[in-house]
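# Descriptive analysis of the structure
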Amino acid sequence: MRRIQGKALVTGGGGFIGSRLVQALLREGWEVRVLDIQYGRLTGITHPNLEFVGIGSDELRGGMGDRDAVEQAVKGVAVIYHLAINWDAVTWRHTLPLADLFDANVRGTINLLEAAKSQGVKHFLFSSSCAVYGKAMSLAVDEETVCKPELWDGAPGPAYGIVKLTTEKLCLMYYHHHGLPVTVFRIEVLFDDQESQMLGKNHVDRVMRGETIEVIEGDGQASIHVDELCQAFLQATLNKDAYGQVLDLSNPTTFISDRELYELLIELTNSKSKIKLLSDPTLINPMVESIEKIEKTLGWTPQKTKEDLRRAVTQTVRSILASPER
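The present account deals with the structure reproduced in this document. On a predicted model such as this, the values are computed, not experimentally measured, just so you know. (Residues numbered from 1 in each chain as written. Predicted model: local features only at pLDDT ≥ 70, side-chain atom pairs only at ≥ 80, totals over all residues. Heavy atoms only, no water.)

Right, let's get into the packing of helix H2 (residues 67-74) against helix H3 (residues 98-118). Viewed as axis vectors pointing N to C, H2 and H3 meet at an angle of 40 degrees, and their least axial separation amounts to 9 Å. In terms of orientation, H2 and H3 fall into the oblique class. Here H2 runs over H3; the crossing is right-handed. Residues Arg67, Val70, Glu71 and Val74 of H2 form the contact with H3, whose participating residues are Asn111, Leu112, Ala115 and Ala116. Looking at side-chain class alone, the contact of H2 with H3 contains 5 nonpolar, 1 polar and 2 charged residues. (Axes fitted to C-alpha atoms, helices over the stretch in contact; angles between N-to-C directions. Helix = DSSP H or I, 4+ residues; strand = E, 2+ residues; numbered from the N terminus. Parallel < 35°, antiparallel > 145°, perpendicular 65-115°, else oblique. Left-handed = near helix turned anticlockwise from the far one by under 90°. Contact = heavy atoms within 4.5 Å. Nonpolar A, V, L, I, M, F, W, Y, C, P; charged D, E, K, R; others polar.)

Shown next, in the form of structure tokens:
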């Protein structure tokens, strides 16, 4: 992999992706500036090449929503990794009104794009989501698939996908009309060695109560290990082949059906829950995104397996069961 160094800005650097990307960049010799309203998963992390902007500011008007903070954060950086979103990406629930969330995320992204354009940033990489596809209505889901997030009726809900699609289109507009080098990644649900964001406390609670679990036969999803995601970001950085591109970032080999997932949860919790299979005539295929384009563009291929995902799910369940909140 090419080794590039410079000064980078990571928005949302305290999050699940951001914290891992920040540490990967530091290992590569980058100077890293983080724009976030909290330290998050970077709490206690210190490094001579790491600095923070925006910590402790207001969640609606601070961070990327604060033009002065954005100007300060962008000053002198060569690359921006825009990962920040004002949303709870773990529970997928939001407590703020949708109008405020749209305002904060769209305005914040425009603030960053304007600063990047005016200050001559060399590359702007945006973290979008496979939620933009909504409900798959074709046999192949790839970057050319028509996005219909408004049709999605599961987590994280249609509004999240609409926000992501809106902001990725803004990024691409700055590429086509202002010449700002932009790359958009549509990211699948994440996991690492200790945690899968595919499930949460609500999933475990259902099987602990012994509920009958209704799942649609054949439905499910793939995942992507956060470290392999970071590798893709690094391989794309300042790579002209990635400019102006939308790239799906997933790992089809990790696909797990909802039935398999709940079978694993039932086994891990010794639950008496039963699984009831339902059919859905509108389900043409489970939504597994093609990664052919990113493989050709970046030479990136994930190595993690379905067994790696199952281990992450197992660790997540054990952590939830051991939580003092239970």
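Looking now at the sheet that holds strand S11 (residues 251-257). As summarised here, the arrangement of the 3 strands in space is S7-S9-S11, forming an open sheet in which the pairing is mixed. Each edge of the open sheet carries a strand with a single partner, namely strand S7 (190-191) and S11. The pairing of strand S9 (residues 220-225) with S11 spans 3 bridges and is classified as antiparallel. In the strand pairing of S11, Ser223 is matched with Asn251. Where helix H9 (residues 306-322) meets the sheet, its contacts fall on S7, S9 and S11, and the angle it forms with S11 comes to roughly 50 degrees. (Pairing = 2+ DSSP bridges.)

When we look at a pair of aromatic rings, we describe it by the centre distance and by the angle of the planes. Scanning the model with the defined rule gives 4 aromatic pairs in all. Between the aromatic rings of Tyr39 and Phe52, the centroid separation amounts to 4.8 Å while the plane-to-plane angle is 75 degrees, which identifies the pairing as edge-to-face. Separated by 13 residues along the polypeptide, Tyr39 in the loop between strand S2 (31-35) and strand S3 (50-53) and Phe52 in strand S3 bring together distant segments of the chain. Taken together, a centroid distance of 6.1 Å and an interplanar angle of 55 degrees make the contact between Tyr81 and Phe233 tilted. Linking Tyr81 in strand S4 (residues 79-82) with Phe233 in helix H6 (residues 226-236), this pair joins segments that are 152 residues apart in sequence. Residue classification places Tyr81 among the buried residues on the basis of a relative accessible area of 0%. For Phe233, a relative accessible area of 0% corresponds to the buried category. Members of the aromatic cluster, connected to one another through ring pairs, are Tyr81, Phe185 and Phe233. (Phe/Tyr/Trp six-rings, centres within 6.5 Å; stacked < 30°, edge-to-face > 60°. Buried < 20%, exposed > 50% of the residue type's maximum accessible area, 1.4 Å probe, protein only.)

So, on to the nonpolar core. Counting 37 residues, the largest nonpolar core has Tyr81, Phe185 and Phe233 as its most contacted members. Where this core is concerned, the elements lending two or more residues are strand S1 (7-11), helix H1 (16-27), S2, S4, strand S6 (182-187), H6, strand S10 (245-249) and helix H8 (292-298). Excluding its chain neighbours within four sequence positions, the residues that come into contact with Phe233 are Leu21, Tyr81, Leu83, Leu125, Ser127, Phe185, Ile187 and Leu249. Leu35, Ala116, Leu170 and Leu180 belong to the second largest nonpolar core, which has 27 residues in total. (Core = buried A, V, L, I, M, F, W, Y, C linked by side-chain atoms within 4.5 Å.)

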